Structure formats: C-alpha cells, structure tokens
Amino acid sequence: QVQLVESGGGLVQAGGSLRLSCAASGSIISIVRLRWYRQAPGKQRDMVATITSDGTTNYADSVKGRFTISRDNAKKTVYLQMNSLRPEDTAVYYCNAYAMSAPEIRYKDYWGKGTLVTVSS
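Read on for a plain summary of the structure. In this text the structure is predicted, and so the values were computed from the model without any measurement. (Residues numbered from 1 in each chain as written. Predicted model: local features only at pLDDT ≥ 70, side-chain atom pairs only at ≥ 80, totals over all residues. Heavy atoms only, no water.)

## Observations concerning the layout of surface pockets
- Looking at the largest pocket, its volume works out to about 160 Å³.
- Lining the largest pocket we find Arg38, Gln39, Ala40, Lys43, Gln44, Asp46, Met47, Ala60, Ser62, Glu88, Thr90 and Ala91.
- At the level of elements, strand E4 (28-39) and strand E5 (46-52) are the ones that each hand at least two residues to the lining of the largest pocket.
- When grouped by side-chain class, the residues that make up the lining of the largest pocket number 4 nonpolar, 4 polar and 4 charged. (1 Å grid on protein atoms, 1.4 Å probe; cavity = no way out; pocket = protein on both sides within 12 Å on 5 of 7 lines; lining within 4 Å. Points joined across faces, edges and corners; volume = space filled by probe spheres on them. Helix = DSSP H or I, 4+ residues; strand = E, 2+ residues; numbered from the N terminus. Nonpolar A, V, L, I, M, F, W, Y, C, P; charged D, E, K, R; others polar.)

If you want it as structure tokens, here you go:
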C-alpha cells in the first residue's frame with residue numbers, strides 16, 4: 001500500500017504564497033505520476049497540477065503561471081508552490097499518486113486526506 005500525507009495548508013491573504021507538500025510512504029515499487037487536485041465547497045474535485053516520472057508537468061489553466069509542481073524522488077515527496085493566491089483558490093487540496101506497491105504489483109490510484117487552503121480577500 002501507499003500512504004500519502006499532505007501538509008502546508010493554512011490561511012493566507014490574497015496575493016500571498018503557500019507551499020504544499022505530500023510525502024509518500026509504504027511498500028512503494030514505482031510512482032508513475034503525482035498530481036494535486038482541489039475541491040472547493042459544493043464543487044467537484046478538479047486536477048490542479050501533474051508531474052510524471054520523467055519530470056513532465058501539466059497545469060490547469062486557472063493556475064498556470066502561478067503554481068509550480070515539483071518532486072523530490074529521494075524523499076518521495078511532491079510539492080506545490082502556490083503564488084499570487086486568489087480567494088477562488090480556496091479549497092481542500094489533495095495529493096494523488098498513480099503507483100505500484102507490494103504486494104499487489106499493479107498500478108492504481110492512491111489519495112491523501114487533503115489539506116485546507118483558505119485565501120482571504
């Protein structure tokens with residue numbers, strides 16, 4: 001199994017910055033892709049940013065130029081640097097990994113429990 005634990009959320013004023021972290025642990029064999037999603041109250045969960053095993057990144061249009069996803073393979077950690085935050089960025093942010101772990105030996109999605117980001121105007 002793979003466990004994902006997010007941290008770094010909190011309250012910030014509009015225009016401010018936060019850095020989220022997501023640490024992966026467990027009997028991990030391979031992580032193909034890491035993603036950040038977010039879910040605002042009453043809305044669906046949306047993809048925010050993706051980073052693949054070769055370092056390719058992809059972002060939702062709403063965060064391009066403001067958010068940066070990165071990963072530290074040695075630490076099995078993915079980060080989301082969020083700059084120029086807006087009130088509409090307020091949401092619970094979830095970490096997602098598409099990974100293989102023992103003993104299942106198959107790729108599947110794993111989710112963290114989320115961390116709340118609140119941006120005040």
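## Some remarks on unusual backbone geometry
- A cis geometry characterises the amide bond from Ala102 onward to Pro103, with omega recorded as 5°.
- Counting through the fold element by element, Pro103 comes out in the loop between strand E9 (91-101) and strand E10 (107-111).
- We note that Ser84 has phi near 50°; this positive angle belongs to a residue other than glycine.
- Looking at where Ser84 falls in the secondary structure, it is placed in the loop between strand E8 (77-82) and E9.
- For Ser84, a relative accessible area of 40% gives the class partly exposed. (Buried < 20%, exposed > 50% of the residue type's maximum accessible area, 1.4 Å probe, protein only.)

## With respect to the nonpolar core
- Residues Trp36, Leu80, Met82 and Tyr93 are the most contacted members of the largest nonpolar core, which totals 32 residues.
- Counting residues per element, the ones that place at least two in this core are strand E1 (2-7), strand E3 (18-26), E4, E5, strand E7 (67-72), E8, E9 and strand E11 (115-120).
- Top contributing element to this core by residue count: E9, with 5 residues. (Core = buried A, V, L, I, M, F, W, Y, C linked by side-chain atoms within 4.5 Å.)

## Quick word on the pattern of salt bridges
- Taken as a whole and judged by the stated rule, the model has 6 salt bridges.
- Notably, a salt bridge pairs Arg38 with Asp89, separated by 2.9 Å at the nearest N-O pair. Placement of Arg38 in strand E4 and of Asp89 in the loop between E8 and E9 is noted, with a sequence separation of 51 residues between them.
- Using a relative accessible area of 13% as the deciding quantity, one classes Arg38 as buried.
- What makes Asp89 buried here is its relative accessible area of 0%.
- Ionic pairing is found between Arg106 and Glu104, a salt bridge with its closest N-O pair at 3.4 Å.
- Its relative accessible area of 45% is what places Arg106 among the partly exposed residues.
- According to the relative accessible area criterion, Glu104 is partly exposed, its value standing at 28%. (Salt bridge = Lys/Arg side-chain N within 4 Å of Asp/Glu carboxyl O.)

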